[in-house]
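Residue-level structural notes
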Amino acid sequence: MRLSVSLFFLLVWFHLPSAFAQVPLFDEAGRKFKQGLWDFKFQTSYYEAIGNFNKSGSAYDSLPSGSSYNLLQFDFGTRWIPKTNWGIYISGQIANAESKNQIDTRTNSSYTHTVAGTDFMLYSNRTFSLIPDFYLVLPFTRVDTGEDLVLNDEGSLEVTSRLIGRARFGFFRPFAFAGFTYRDEDRSHLLPYGLGAEIQISRWMLGGELRGYQTVVNDKYSETPQDRQVVASANGGALRFFSVDPSLLDTNFWLKRDIGEAWNLKLGGGTSLTGTSTSSGWTVFAGLSYVFLPSAKAVSQPWNPEPSDDDSSRFQESTDDGVNQEYFYKPTPPSPPPPAPPVKPAEPSVEKQKKQMQKELDQTEFQIELKNSKPAKKKKR
């Protein structure tokens, strides 16, 4: 599929990291759990290999003279919260790889894989939360060791389960995760892990992390790695994909900033620190996200299987995501003005009361005199 045609789908799908995605589009610290929320994200990253970590992990070997390997990835998709504390997501990736040696230049652009998964808030209080995460990676291409093609993806089916923990202490927001990744085709199975933190500085969020994976179940070809790694010759000698029993530790740093009420920009970079049987290199990336909440009638509440009467203080909204939370709430209507106090009629003055009484007395006296002055009626004979 041509890259220019595939970009049409950028606003439709959203990527969460597979085992080999060392620059996640949807970071662990920024997950939100508000019912009805839609989270659209897009990120592009550029990776360049500078060598390979050897099998012992003590050092890395430079790529052959005149050789190079670089990878441009476009990750995109969406995450939806259909019910409080539960999210589902679907994502995709387009990648373009290029390798060079002293003779040839190879390129490969394609849609690489789809990711589908779910996560939910298992526990949350004012400072700490636990989030289980499960996802499936479906490859659109497989690796053929007999094909002379530069690789732009791992090409394996992966099933991953992770547990994410995160906390919030004022402007300091640490997080960590660990899990297990199963891979088909007799590949080695991995333990993905990470530890990092974000710091709020005015309207900016500064973040950093250590992120990696470790082989915990060996590859079928552990004793004969050349049977798989023969593909490295088409990748400029880099073992970015399809290596045997790989392990890797990267470090990433980034800046995030809210743009208006719903948009968020992320810029960063990273480099490899150590590893075994995989490539060493550096990465730069940029991401953009849009958060849409149709209605603000529901907010996230932590899930507790056996809540007690004394645990009511734990039911707090989780807002440690670096997003302007004022966007999700309706403005408070102004209070109506207090009613005016009733006006008490003015009491008549003493002088007016005397005049009124004298008038009534005069009228009574006049009526008495008038009655007495009437002639008596004559009696009929």
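Coordinates for the structure precede this section.
Below: a short report on this structure.

The rules behind the values
Residues numbered from 1 in each chain as written. Predicted model: local features only at pLDDT ≥ 70, side-chain atom pairs only at ≥ 80, totals over all residues. Heavy atoms only, no water. Phe/Tyr/Trp six-rings, centres within 6.5 Å; stacked < 30°, edge-to-face > 60°. Lys NZ or Arg CZ within 6 Å of the ring centre and 35° of its normal. Pairing = 2+ DSSP bridges. Helix = DSSP H or I, 4+ residues; strand = E, 2+ residues; numbered from the N terminus. Patch = residues over 30% accessible without salt bridge, like charges linked within 9 Å, V, L, I, M, F, W, Y side chains within 5 Å. Areas by Shrake-Rupley, 256 points an atom, 1.4 Å probe, with all protein chains shown as cover. Salt bridge = Lys/Arg side-chain N within 4 Å of Asp/Glu carboxyl O. Buried < 20%, exposed > 50% of the residue type's maximum accessible area, 1.4 Å probe, protein only.

1. A word on the packing of aromatic side chains
Per the stated rule, a full pass over the model turns up six aromatic pairs. Centroid distance W38 to F40: 6.1 Å. Interplanar angle 10°. Geometry classified as stacked. An aromatic cluster is defined as three or more aromatic residues linked by ring pairs; in this entry it consists of W38, F40 and W80. Sitting over the ring of F177, R162 keeps its end group 4.5 Å from the ring centre. Above the ring of Y47, the side-chain terminus of R240 is found at 4.0 Å from the ring centroid.

2. Looking at the pairing of strand 12 (residues 247–259)
Bridge count between strand 11 (residues 204–217) and strand 12: ten bridges; the pairing is antiparallel. Its bridge partner being in strand 12, G207 is matched across the sheet by W254. Here strand 12 runs beside strand 13 (residues 263–276); their pairing, made up of 13 bridges, is antiparallel. By the bridge assignment for strand 13, T251 is matched with T271. The antiparallel pairing of strand 12 with strand 13 creates a hairpin that spans three residues between the two strands, and G260 there sits at a positive phi of about 75°.

3. Observations regarding a nonpolar patch on the surface
A contiguous nonpolar surface patch, about 450 Å² in accessible area, is contributed by V159, F180, Y182, L191, V216 and V217. The topology assignment puts V159 in strand 8 (residues 158–167). What makes V159 partly exposed here is its relative accessible area of 40%.

Function-wise, these values are silent; they only describe arrangement.
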